[in-house]
Amino acid sequence: MSPRAVVIGPPGSGKSTVGPLLAAALGVSFRDTDDDIVASAGRAISDIFADDGEPAFRAIEEEAVATALAEHDGVLSLGGGAPLTPGTRARLQEHPVVFLNVGLAAGVQRTGMSSARPLLAGINPRATFKALLDQRLPVYREVATVEIETDKRTPEEVVEAAVAALEPDRVRGQ
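Criteria and thresholds
- Residues numbered from 1 in each chain as written.
- Predicted model: local features only at pLDDT ≥ 70, side-chain atom pairs only at ≥ 80, totals over all residues.
- Heavy atoms only, no water.
- Pairing = 2+ DSSP bridges.
- Helix = DSSP H or I, 4+ residues; strand = E, 2+ residues; numbered from the N terminus.
- Axes fitted to C-alpha atoms, helices over the stretch in contact; angles between N-to-C directions.
- Phe/Tyr/Trp six-rings, centres within 6.5 Å; stacked < 30°, edge-to-face > 60°.
- Buried < 20%, exposed > 50% of the residue type's maximum accessible area, 1.4 Å probe, protein only.
- UniProt positions renumbered as here; feature names shortened; annotations may be inferred.

**Digging into the sheet that holds strand S4 (residues 97–101)**
Note on sheets: strands pair through backbone hydrogen bonds, and any given pair is parallel or antiparallel.
And then number 1: An order of S2-S3-S1-S4-S5 is seen for the five strands of this open sheet, with the pairing classed as parallel. Edge positions in the open sheet fall to strand S2 (30–32) and strand S5 (146–149), since each of these has one partner strand only. In this sheet, adjacent strand axes meet at a mean angle of 20° when their direction is disregarded.
And then number 2: Strand direction decides the pairing type here: strand S1 (residues 5–8) and strand S3 (residues 75–77), joined by three bridges, are parallel. Paired with Val6 across the two strands is Leu76, which belongs to S3.

Now the structure itself:
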């Protein structure tokens, strides 16, 4: 079993919005590893970060991603930092990965610097978000099979671009 598509990207890129829409467009189910982690841990991701630290969270996340990649055959959305671990990057090489790219301004606007996003909390959220993008963009691009800019697109337009990239023959045949 293998996902039809794995959706990755930084906070605010649209993974939680686009993922279910992409699954519907492809006629498959949707799964989010962040939801899996919350369900199995019985607490919020921000609480895991605060209580156990980022390394402990990343270990939990890597296991959740490995399980989901093995079990799920629909669209799978990963947390923004999931591709940072070498094990996850290696596992993603075997799957179609859709990278939803978001620029600094749009990302900051979309996230609203929510306290539910532990890596964006702090004194200067914009600078924090920029540092996060600078660190993660090369990693996202390393594992992506498709990259879609999301800044000036509606979620439906992002889905259309993803479907076109994942199933070019289907789009031509419409």
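**Overview of the packing of aromatic side chains**
For any two aromatic rings, the description comes down to two numbers: the centre-to-centre distance and the angle of the planes.
And then number 1: Scanning the model with the defined rule gives two aromatic pairs in all.
And then number 2: Aromatic side chains Phe99 and Tyr140 sit 5.0 Å apart centroid to centroid with 35° between the ring planes, which places their arrangement in the tilted category. Linking Phe99 in strand S4 with Tyr140 in helix H7 (residues 125–143), this pair joins segments that are 41 residues apart in sequence. Just as Phe99 is buried, Tyr140 falls in that class too.

**What about the UniProt feature "binding site: substrate" (unreviewed entry) in the protein chain?**
And then number 1: UniProt marks Asp34, Arg58, Gly80 and Arg136 with the feature "binding site: substrate" (unreviewed entry), using the numbering shown here.
And then number 2: Within the element layout of this structure, Arg58 appears in helix H4 (residues 54–71).
And then number 3: Classification of Arg58 as buried rests on a relative accessible area of 10%.
And then number 4: Structurally, Arg136 is set in helix H7.
And then number 5: Look at Arg136 and you get buried, because its relative accessible area is 3%.

**With respect to the pairing of S4**
And then number 1: Among the five residues of S4, five are classified as buried, and the element is accordingly described as predominantly covered.
And then number 2: Burial along S4 is two-sided: the face carrying Val97, Phe99 and Asn101 and the face carrying Val98 and Leu100 are both buried.
And then number 3: Sheet analysis places S1 next to S4, joined by three bridges and oriented parallel. When the sheet's bridge partners are listed, Ile8 is paired in S4 with Phe99.

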